[in-house]
Amino acid sequence: MSNEKPFELLVDILQPYADDMTVKHNTETNYYLEETQSSSKPQMFGAVQVKKSYTSFHLFPVYTNPDLLTDISDDLRKRMQGKSCFNFKAKEQVPVDELEALVRAARESLPS
């Protein structure tokens, strides 16, 4: 397993949604997207944050709509910390296709 942190890989999963959301933070250790579709005031859609020993991937719509998590794999579920956060230590641990599908479903769950 490599020691490469998965920050860029996880940011790449969120970036396609930046065109219709607001990028609140975009640094080497923190990428944060806000949306206004589900509320009149901006709230988190997703974020990627580098921590001391892992990288966190936050996806807030799964907190407000836990049905989005019904079909996630056991491997991804084991990476959950709390109700809307997934932690990864290495790039190889990131199920890219599964997270892309989850983020797509989360975006589609927001009001138009």
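Calculation notes
Position numbers for residues start from 1 in each chain and track the written sequence from start to end. For this predicted model, a pLDDT threshold of at least 70 governs which residues receive local features, and a threshold of 80 or more governs which side-chain atom pairs are given and counted, while totals over whole chains, interfaces and linings are taken from all residues. Based on all heavy atoms of the structure, the side-chain values leave hydrogens and waters out of the count. Per the convention used, a helix needs a DSSP run of H or I reaching at least four residues, while a strand needs a run of E reaching at least two, with both numbered from the N terminus. Polar contact is defined as a pair of N or O atoms within 3.5 Å, subject to the rule that within protein one atom must be able to donate a hydrogen and the other to accept it, and that residues adjacent in sequence are counted only when both atoms are side-chain atoms. By definition in these notes, contact holds between two residues if any of their heavy atoms fall within 4.5 Å. For this analysis, a ring pair means two rings from Phe, Tyr or Trp (six-membered ring only for Trp) whose centres lie within 6.5 Å, classed as stacked if their planes differ by under 30 degrees, edge-to-face if by over 60, and tilted for the remaining angles. Type-normalised accessible area, obtained with a 1.4 Å probe on protein chains alone, sets the label of each residue: buried when under 20%, exposed when over 50%, and partly exposed for intermediate values.

Student: So what's going on with the side chain of Glu 34? Residues and values would help.
Tutor: As for its position among the elements, Glu 34 is in strand E2 (residues 30-35). At 3.5 Å, the side chain of Glu 34 and the side chain of Lys 24 are in polar contact. In this structure Glu 34 touches Met 21, Thr 22, Lys 24, Pro 42, Gln 43, Met 44 and Phe 45, once residues within four positions along its chain are discounted.

Student: Outline the packing of aromatic side chains, listing residues and values.
Tutor: Within the structure shown, the criterion is met by two aromatic pairs. Ring geometry for Tyr 17 versus Phe 45: centroids 6.2 Å apart, planes at 40°, classification tilted. In this pair, Tyr 17 sits in the loop between helix H1 (7-14) and strand E1 (22-26) while Phe 45 sits in strand E3 (residues 43-50), placing the two residues 28 residues apart along the sequence. On the basis of relative accessible area, Tyr 17 is assigned to the buried category, the value being 15%.

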